[in-house]
Amino acid sequence: MIHLSQLSKVFASSNGGILPALGPLNLTINAGEFVCLVGPSGCGKSTLLRILAELDSPSGGSFQIAKNADRNVTPTLVFQGDSTFPWMTVFENVGYGLRMQGVDSKDSDAIVEQMLRTVGLSQFAESYPYQLSGGMKQRVALARAWANDPAILLMDEPFGALDEQTRLSLQHELLHIWELGDTLKKNKDQAKKTVLFVTHSIDEALVLGDRVLVMSQRPGLIRDEISVPFARPRDPITLKRDPLYGELAYRLWQALK
Amino acid sequence: MSKERLLPFISPLILLTIWEMLARIGVIDIRFFPAPSEIFGTLIKITQDGSLLEATLTTLRRMSIGYVLAAIPAVLLGVLMGVNRFARLLFAPLINSLYPIPKIALVPMVILIFGISENAKYAVVIISVFFLVVINTMAGVLNLDPKYFDIARNNGARGWDLLWTVAFPGSLPNILTGLNLGLGFALTVIVGTELLLPQGGLGAMIWKSYQIYDVPTIFAALIVVAVLGWGINVAMEELERQIIPWKALPQAQAKNLSTNAKPVAEPRIRRFIRIWWMAARPFSFTASVTPVVLGSAIAAYDGFFNLGLFILTLVGSVAIHAGTNLINDYYDWKKGTDTAESLGPNRPLKEGLITPQQLFVAALLTFALGSAVGLYLVATRGVFILIIGVLSVLAGWFYTAGPFAFAYVGLGEVVVFIFMGPVMVLGSYYVMAQQWPWRVVWLAVPLGLIVASILHANNMRDYPDDLAKGKRTLANLLGRRASKNEFLLLMGGGFVVLVLLVLLGIAPWLTLITLFELPNAIKLIRLGYATEAPQPLNKLVRASAASHKRFGWLMIAGMIAAWVVRG
Ligand SMILES: Nc1ncnc2c1ncn2[C@@H]1O[C@H](COP(=O)(O)OP(=O)(O)O)[C@@H](O)[C@H]1O
Ligand SMILES: [Mg+2]
């Protein structure tokens, strides 16, 4: 569970003043929930994720993340834009988190291979990022985050740069992984991951989320919240024929206006 | 050769031809500009009488010794200043103010300090190279996109990890630019210094030829300097290409705009090293490198250190272990083909980067290298090494094979303790010291206990599996409860024995720095008591291995420190 209370962030602006970027936010995300976050660009979405990933600290308020005994509790963040290390091969990039956490190389190799198969990059294991297209690099970043198998997954417009087909298949894979709880599909009784997913696509938010949060212009506040009641497992394509889908999409557009 | 490759040679050739003609018909004064043919003749003459070679080697020696002495600390300091604000604020003013001084102008100062000696020449090179490399390295780290550090932190990297996996590799292109500039600069400066202090070397050759108006020799020496400078540049560029394979070549980038373009070929040498490094997994054997280094460190402490023997021992044991890795993978692969399921743990093999035949040949070659080194040591350092070697091979063999396989009858820990502890330490000690005092055996006991604790943790984890398979290990012979005590005995015992050895005056007190690892060890022992679930126990295995590694290196550091202190 993630709990924010009065969380806010201000930056120093370039002309010497202050720039309120975010909040104050009050928000609770339940364990195992899939929450999507939409909002105009510059409203502080990335800032929020960076704070939750402990890469930045809040200027006011606080947040708590419930501890879980035997899972990786630091949330893994899928960064906006390219986040591969240019000096590592695809294989090394994907195994990076595992290596830093001290996972045995035999175990981690097996996990990395499985993740590469999942994102369809097995043939590119020994390539360097400069040899890949933007979409392929994004898949490397996803594979790395999934390989970590964190209890909380923060995703910052992860599918923004992808073509429609790849996006669809990766959305599918993400849902699958989330529903299983365990990236590696080994532990059947693993609790579901908590996902906070930033997107600029209303369609994507409705296809993936249990709940969609709409943020206002900077400084970002939660302006509206829509729960998405579609049954799971979901099929991203047939979902769109549901009359409720149009209704929800319409409401989201209204909220974003 | 294609037309384009010929083109660059045309203008110098034309120049030389015109020069030769003008010299022959007497248009230019041959006292100042001797004909190219004459210069060439001189070049051959001084090559044959050996004077040119000697001068070149002298210059190269001065250049490279000074360069290495400057470059290594410069890179380290540069990286440190890049990542650490405090270090930057502390050193930057000094470095920035000293950097612009023309280094050749420092020669008089250097002579005042060092006298007219070889050291003076090294000092000039060191000063010249150091600042250049520091500044380039620091700039490289500072120019790195901070997002890489964020990504690394989010993936669990801390402290040194950030340095080794982000700061250093990320700034390597800049570091190499600095190193390349530095080497060229080192050549310029050393030749200049030799002009001022003409005692051997190409600069001195130029200066002395000038004093006797031997102009052709001046030109000949200048040609050699130019060729050296050019060679340095080519070599450094090739080095850069080999060790920075992730830098896109311009044409490669253009080609790869389409999604599924084929990757550009990696430089050959780099690819070779990377693949075989991956295949042999030499790092998986720190557990056996540590005893070798410890044995050598004890020998050093006792006054028997010999660098050549040390390197040989290390190469020999790493080769044997890499060979073991390779041959195991090969047989795994052979078994795997029967079941068509697993291809074994060898990644390059699985990914088709190497063939099984290559793997087999590589294993044989590595074994051959290891055996050659081993036999050389036996021949020169005595039969005792042969005995230790044969015993180790037998122990390795009967570890899992035969009717009385140690690992299957609860003797695994004992055998590992004996061989990865006292035997290996004593063996490498003997190579240098030519004797085998009991003291060394005692000194190896802590390390042996802790290495045995790794295996014991492993057996604690596999407790139910081994029971089911009928594999008897100390863990399942003793039962859960007692096996936890045994872990305490092994892991904690290592520290207790070490303290005892220090109290008894057997181990130098500086080895007590291993106690830095004690809090960690206590955590592990607690973990061992707290859990019986396979997942946390798996963590215990890995953490014990890491703990052993740190303990070993701390002990080695302590021995070396004691050796240095003793002098
Ligand atoms: N390090 C920073 N320093 C100053 N301003 C920043 C910094 N990071 C972000 N901002 C500002 O904060 C606001 C929110 O940024 P961000 O969280 O990236 O928005 P979003 O991800 O919603 O597009 C923007 O106006 C941005 O310019
Ligand atoms: Mg953003």
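Quick summary incoming for the structure in this document. (Residues numbered from 1 in each chain as written. Chains lettered and ligands numbered in written order. Predicted model: local features only at pLDDT ≥ 70, side-chain atom pairs only at ≥ 80, totals over all residues. Heavy atoms only, no water.)

**Notes on the overall build of chain A**
Move 1: Scanning chain A from N- to C-terminus turns up seven helices and nine strands.
Move 2: A principal-axis box enclosing the C-alpha atoms of chain A has dimensions of 50 × 45 × 40 Å.
Move 3: For chain A, with 257 residues in total, the buried portion stands at 56%.
Move 4: Here the contacts in chain A between residues at least 6 apart in sequence split such that 69% fall between residues at least 24 apart.
Move 5: On chain A, roughly 10,700 Å² of surface is accessible, and the fraction owed to carbon and sulfur atoms is 50%.
Move 6: Taking the 26 positively charged and 28 negatively charged side chains of chain A as two groups, their mean positions are separated by 3 Å. (Helix = DSSP H or I, 4+ residues; strand = E, 2+ residues; numbered from the N terminus. Buried < 20%, exposed > 50% of the residue type's maximum accessible area, 1.4 Å probe, protein only. Contact = heavy atoms within 4.5 Å. Areas by Shrake-Rupley, 256 points an atom, 1.4 Å probe, with all protein chains shown as cover. Lys, Arg positive; Asp, Glu negative; His and termini not counted. Charge placed at Lys NZ, Arg CZ, Asp CG, Glu CD.)

**A look at the site of ligand 1**
All names here are of chain A.
Move 1: In the vicinity of ligand 1, the contacting residues are Phe-11, Leu-19, Ala-21, Ser-41, Gly-42, Cys-43, Gly-44, Lys-45, Ser-46, Thr-47 and Arg-218.
Move 2: Here an oxygen atom of ligand 1 sits 3.2 Å away from a polar atom, N or O, in the main chain of Cys-43.
Move 3: One of the side-chain nitrogen or oxygen atoms of Thr-47 is found 2.5 Å away from an oxygen atom of ligand 1.
Move 4: Protein chains shield 62% of the accessible area of ligand 1, which is 560 Å² for the free molecule. (Near = heavy atom within 4 Å. Polar contact = N/O pair within 3.5 Å; in protein donor to acceptor, adjacent residues only side chain to side chain.)

**A look at the coordination of the magnesium ion (ligand 2)**
All names here are of chain A.
Move 1: Coordination of the magnesium ion (ligand 2) by the protein involves Ser-46 (OG) and Gln-80 (OE1), with metal-donor separations of 2.0 to 2.2 Å. One end of the pair, Ser-46, is in helix α1 (residues 45-52); the other, Gln-80, is in the loop between β5 (76-78) and α2 (90-100), and 34 residues separate them in sequence.
Move 2: Using a relative accessible area of 23% as the deciding quantity, one classes Ser-46 as partly exposed. (Donors = N, O, S within 2.8 Å, 3.2 Å for Na, K, Ca; no water.)

**Overview of the packing of aromatic side chains**
Move 1: Evaluated as defined, the whole model comprises 18 aromatic pairs over all chains.
Move 2: Geometrically, the ring pair formed by Trp-87 of chain A and Tyr-148 of chain B is edge-to-face, given 5.1 Å between the ring centres and 70° between the ring planes. Placement of Trp-87 of chain A in the loop between β5 and α2 and of Tyr-148 of chain B in helix α7 (residues 146-154) is noted, with the two residues assigned to different chains. Side by side, Trp-87 of chain A and Tyr-148 of chain B carry an identical accessibility label, which is buried.
Move 3: Among the aromatic residues, ring-to-ring pairing joins Phe-34, Phe-159, Trp-178 and Phe-197 of chain A into one connected group.
Move 4: Residue placement shows Arg-480 of chain B over the ring face of Tyr-463 of chain B; its charged tip is 4.3 Å from the ring centre. (Phe/Tyr/Trp six-rings, centres within 6.5 Å; stacked < 30°, edge-to-face > 60°. Lys NZ or Arg CZ within 6 Å of the ring centre and 35° of its normal.)

**A short note on unusual backbone geometry**
Move 1: Despite not being glycine, Glu-54 of chain A shows a phi value in the positive range, around 65°.
Move 2: With respect to the helices, strands and loops of the structure, Glu-54 of chain A is situated in the loop between α1 and β4 (60-65).
Move 3: With a phi close to 65°, Gln-434 of chain B is a non-glycine residue in the positive phi region.
Move 4: Within the secondary structure layout, Gln-434 of chain B lies in the loop between α18 (412-433) and α19 (438-461).

**Description of the interface of chain A and chain B**
Move 1: With 40 residues of chain A at the contact, the number on the chain B side is 39 residues.
Move 2: In total, about 3,200 Å² of surface goes out of reach between chain A and chain B, with carbon and sulfur atoms giving 54% of it.
Move 3: The three residues of chain A that bury the most area against chain B are Trp-87, Glu-126 and Tyr-130 of chain A, which together make up 24% of that side's buried surface.
Move 4: Run the count over chain A and chain B and you get one salt bridge.
Move 5: Linking chain A to chain B there are eight residue pairs in polar contact (both at pLDDT 80 or more).
Move 6: Residue assignment for the side of chain A that touches chain B shows that the elements contributing at least two residues are β5, α2, α3 (105-119) and α4 (134-148) of chain A.
Move 7: With five residues, the single largest contributor to the side of chain A that touches chain B is α2 of chain A.
Move 8: The class makeup of the residues in the side of chain A that touches chain B is 18 nonpolar, twelve polar and ten charged. (Buried area = accessible area lost by both parts, 1.4 Å probe. Salt bridge = Lys/Arg side-chain N within 4 Å of Asp/Glu carboxyl O. Nonpolar A, V, L, I, M, F, W, Y, C, P; charged D, E, K, R; others polar.)

**Quick notes on empty space enclosed by the protein**
Move 1: For the coordinates displayed, the defined rule picks out one cavity of 30 Å³ or more.
Move 2: Put simply, the largest cavity is a space of about 60 Å³.
Move 3: Taken together, Thr-76, Leu-77, Val-78, Phe-79, Ser-83, Ala-141, Arg-144 and Ala-145 of chain A together with Ile-151, Asn-154 and Asn-155 of chain B form the lining of the largest cavity.
Move 4: At the level of secondary structure, the elements contributing two or more residues to the lining of the largest cavity comprise β5 and α4 of chain A together with α7 of chain B.
Move 5: Partitioned by chemical class, the residues of the lining of the largest cavity number six nonpolar, four polar and one charged. (1 Å grid on protein atoms, 1.4 Å probe; cavity = no way out; pocket = protein on both sides within 12 Å on 5 of 7 lines; lining within 4 Å. Points joined across faces, edges and corners; volume = space filled by probe spheres on them.)

So, to be careful, I would describe these as geometric facts and stop short of saying anything about function.
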